[in-house]
Amino acid sequence: MSSTVSYWILNSTRNSIATLQGGRRLYSRCVSNRNKFKWRLFSWVPPTLNSSPCGGFTLCKAYRHTSTEEDDFHLQLSPEQVNEVLRAGESAHKILDLESRVPNSVLQFESNQLAANSPVEDRRGVASCLQTNGLMFGIFDGHGGHACAQAVSERLFYYVAVSLMSHQTLEHMEGAVESTKPLLPILHWLKHPGDSIYKDVTSVHLDHLRVYWQELLDLHMEMGLSIEEALRYSFQRLDSDISLEIQAPLEDEVTRNLSLQVAFSGATACMAHVDGIHLHVANAGDCRAILGVQEDNGMWSCLPLTRDHNAWNQAELSRLKREHPESEDRTIIMEDRLLGVLMPCRAFGDVQLKWSKELQRSILERGFNTKALNIYQFTPSHYYTPPYLTAEPEVIYHRLRPQDRFLVLASDGLWDMLSNEDVVRLVVGHLAEADPHKTDLAQRPTNLGLMQSLLLQRKASGLHEADQNAATRLIRHAIGSNEYGEMEPERLAAMLTLPEDLARMYRDDITVTVVYFNSESIGAYYKGG
């Protein structure tokens with residue numbers, strides 16, 4: 001293991017970080033060779049635990065250090081240990097639909113997660129709707145702590161599933177609650193977000209979900225909302241409930257504290273709903289979803305399904321300016337952040353950017369131990385006309401075609417390192433190695449960019465055992481590739497062994513789900529099979 005790599009990473013990190021530490025908050029300005037200057041605010045937790053209480057993956061202390069002194073910093077990972085760390089968060093599932101005459105349009109999914117924060121702030125989930133049709137996939141990127149991402153990952157799918165239920169099914173649900181009978185099963189989790197830290201407050205969550213389905217019953221719609229409506233309303237309704245839950249008088253201290261942490265942290269979200277050939281993607285924030293498409297001539301391309309909601313999105317800037325007085329045009333976005341504070345312009349939680357100053361003060365004056373709860377109290381400059389932040393998603397509909405081969409959803413930790421095209425090329429390379437017949441690369445022409453990518457991947461594959469999970473492959477290349485797209489084992493090992501108090505300066509949590517489509521099944525829909 002080269003000491004030059006560790007020396008370079010440590011020193012370039014030190015030289016690019018200006019930190020001001022107060023309490024349990026750390027403010028940093030980080031320079032990356034892949035990104036512009038970024039101001040970030042994140043929670044810092046002393047590295048006393050080896051794993052997240054929410055089932056998230058954090059690196060073992062044996063491999064991660066908290067010292068920033070060079071003479072105390074040693075790279076210890078062998079290639080086998082690198083693989084062990086990278087693959088610890090893997091998940092994969094084949095989709096079987098035995099009740100349908102036509103095979104499911106989804107063949108399988110592969111997912112993985114690598115932490116930079118401790119505990120990890122990203123969440124992911126995959127579930128099927130039991131009372132309606134469809135599979136749901138979600139990526140949830142937390143900030144200011146993991147509480148909001150955990151809550152949204154556990155609850156959002158239920159809101160969507162309820163929104164899609166028929167009037168008759170909702171009546172059955174309401175009747176069961178009134179007669180204290182068991183509820184109809186709503187979801188079947190194929191990948192649960194993790195062990196819940198909210199077990200003591202699930203009754204509060206169920207109460208709010210029930211109020212929502214009661215309001216849907218009052219609409220007297222026989223077939224429920226459309227999928228687009230369901231996604232849009234569910235995002236906004238859950239965000240509203242998160243806000244209301246801490247405003248309501250709560251006697252139980254655990255419930256009060258958890259509700260406060262959820263409301264004052266935040267999470268962006270990107271979720272996909274797949275039902276046959278119908279694909280809907282809802283996005284609020286800077287997670288991203290793309291399609292890998294193989295045309296009849298064998299050429300591969302990338303089809304973006306989302307737009308990042310940040311300062312570089314001109315449509316988003318125009319929206320913000322329309323919603324606030326002209327006098328605030330110069331202060332809504334400062335230093336490429338919303339009010340100079342938050343990178344994404346849409347998110348769950350983050351009530352500091354939604355509530356009035358008076359409401360924030362009245363809630364925090366109820367005797368909360370904000371320091372112990374890791375709640376950061378601040379009022380941004382030029383805070384005049386809240387709310388400045390919304391959880392309303394952009395919803396995109398795409399009619400799946402046989403050439404649509406896979407869907408990639410990921411948190412911004414991946415997209416900070418790899419372009420959309422890079423991601424498609426890496427997944428194509430993964431498929432080619434796993435089964436050449438799946439991609440027909442041997443029989444069909446490929447473009448020069450893909451050929452170069454495959455050559456680089458073959459060179460890299462000789463340096464480590466091939467990954468069986470496409471999400472792992474993406475994470476490996478995201479943190480281990482140099483500026484030319486070449487895998488550098490020493491760089492990869494060094495990035496994985498950064499001390500916990502430096503890792504977040506150099507990379508973000510990365511969470512990836514790759515969904516493979518059944519081209520034959522999709523083709524059968526068009527043929528009426």
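Up top you'll find the structure we're talking about.
Each chain has its residues counted from 1, running along the sequence as written. Where totals are concerned, whole chains, interfaces and linings use all residues; where local detail is concerned, this predicted model gives features only for residues with pLDDT of at least 70, and gives and counts side-chain atom pairs only at 80 or more. To obtain the side-chain values, all non-hydrogen atoms of the structure were included, while hydrogens and water were left out.

S.K.: Which parts of the structure should I look at to understand the pattern of salt bridges?
M.R.: Side chains that carry opposite charge are capable of pairing whenever their charged atoms lie near each other. Whenever Lys or Arg places a side-chain nitrogen within 4 Å of a carboxyl oxygen from Asp or Glu, that contact is recorded as a salt bridge. According to the stated counting rule, one finds 17 salt bridges in the structure shown. Glutamate 323 serves as the salt-bridge partner of arginine 319, at 3.0 Å between the closest nitrogen and oxygen. Separated by four residues within a single helix, arginine 319 and glutamate 323 lie in helix 8 (residues 314–323), roughly one turn from each other. Relative accessible area decides the class of each residue, using a 1.4 Å probe on protein chains only: under 20% of the type maximum gives buried, over 50% gives exposed, and in between gives partly exposed. Taking the relative accessible area as the measure of exposure, arginine 319 reaches 10% and is therefore buried. Judged by its relative accessible area of 46%, glutamate 323 falls in the partly exposed class. Segments assigned H or I by DSSP are reported as helices when at least four residues long, segments assigned E as strands when at least two residues long, and all are numbered from the N terminus.

S.K.: How do you make sense of the packing of helix 3 (residues 147–163) against helix 6 (residues 227–247) when you look at a structure like this?
M.R.: Two packed helices can be described by the angle between their axes and the distance between those axes. Axis lines are fitted through C-alpha atoms, for helices just across the contact stretch, and the angle between N-to-C directions can take any value from 0 to 180 degrees. Put simply, helix 3 and helix 6 touch, their axes get as near as 9 Å, and they point 130 degrees apart. Between helix 3 and helix 6, the angle is such that the two are oblique. Handedness of the helix 3/helix 6 crossing: right-handed. Here helix 3 contributes Val152, Arg155, Leu156, Tyr159, Val160 and Ser163 to the contact with helix 6, which in turn contributes Ala230, Leu231, Ser234, Phe235, Arg237, Leu238, Asp241, Ile242 and Glu245. Here the word oblique covers every angle except those under 35 degrees (roughly parallel), over 145 (roughly antiparallel) and from 65 to 115 (roughly perpendicular). Each helix crossing is assigned a hand: it is left-handed if the near helix lies turned anticlockwise from the far helix by less than a right angle, otherwise right-handed if that turn is clockwise. We call two residues contacting when some pair of their heavy atoms lies within 4.5 Å.

S.K.: I'm lost on the pairing of strand 9 (residues 266–275) in this one. Help?
M.R.: On a regular strand, each side chain points to the face opposite its neighbour's, so the side chains alternate between the two faces of the sheet. Extensive coverage of strand 9 is indicated by the burial of nine of its 10 residues. For two strands to be treated as a pair, DSSP must find at least two bridges joining them. For strand 7 (residues 135–143) and strand 9, the ladder comprises nine bridges, and the chain directions are antiparallel. The partner of leucine 135 across the bridge, within strand 9, is valine 274. Here strand 9 pairs with strand 15 (residues 348–349) via two bridges, running antiparallel. Opposite alanine 267, over in strand 15, you have phenylalanine 348 as the bridge partner. With seven bridges joining them, strand 9 and strand 10 (residues 278–284) adopt antiparallel strand pairing. The residue of strand 10 that forms the bridge with cysteine 270 is asparagine 283. In this structure, the hairpin formed by strand 9 and strand 10 is closed by a connection of two residues, where glycine 276 is found at a positive phi of approximately 65 degrees.

S.K.: It is not clear to me how the packing of aromatic side chains should be interpreted in this structure. Could you clarify?
M.R.: The description of an aromatic ring pair uses the distance of the two centres, along with the angle that the planes make with each other. Between rings of Phe, Tyr and Trp, where Trp is taken as its six-membered ring, a pair exists when centres lie within 6.5 Å; planes separated by under 30 degrees are stacked, by over 60 edge-to-face, and by other angles tilted. Counted under the stated rule, the structure contains nine aromatic pairs. Seen in terms of ring centroids, phenylalanine 109 and phenylalanine 137 are 5.9 Å apart; in terms of plane orientation they differ by 75 degrees. Their pairing is edge-to-face. Remark: phenylalanine 137 occurs in strand 7 and phenylalanine 109 occurs in strand 5 (residues 106–114); sequence separation between them is 28 residues. For the residue pair phenylalanine 109 and phenylalanine 137, the accessibility class agrees, reading buried in each case. A connected cluster of aromatic rings, assembled from ring pairs, spans Phe140, Phe157, Tyr158 and Trp189.

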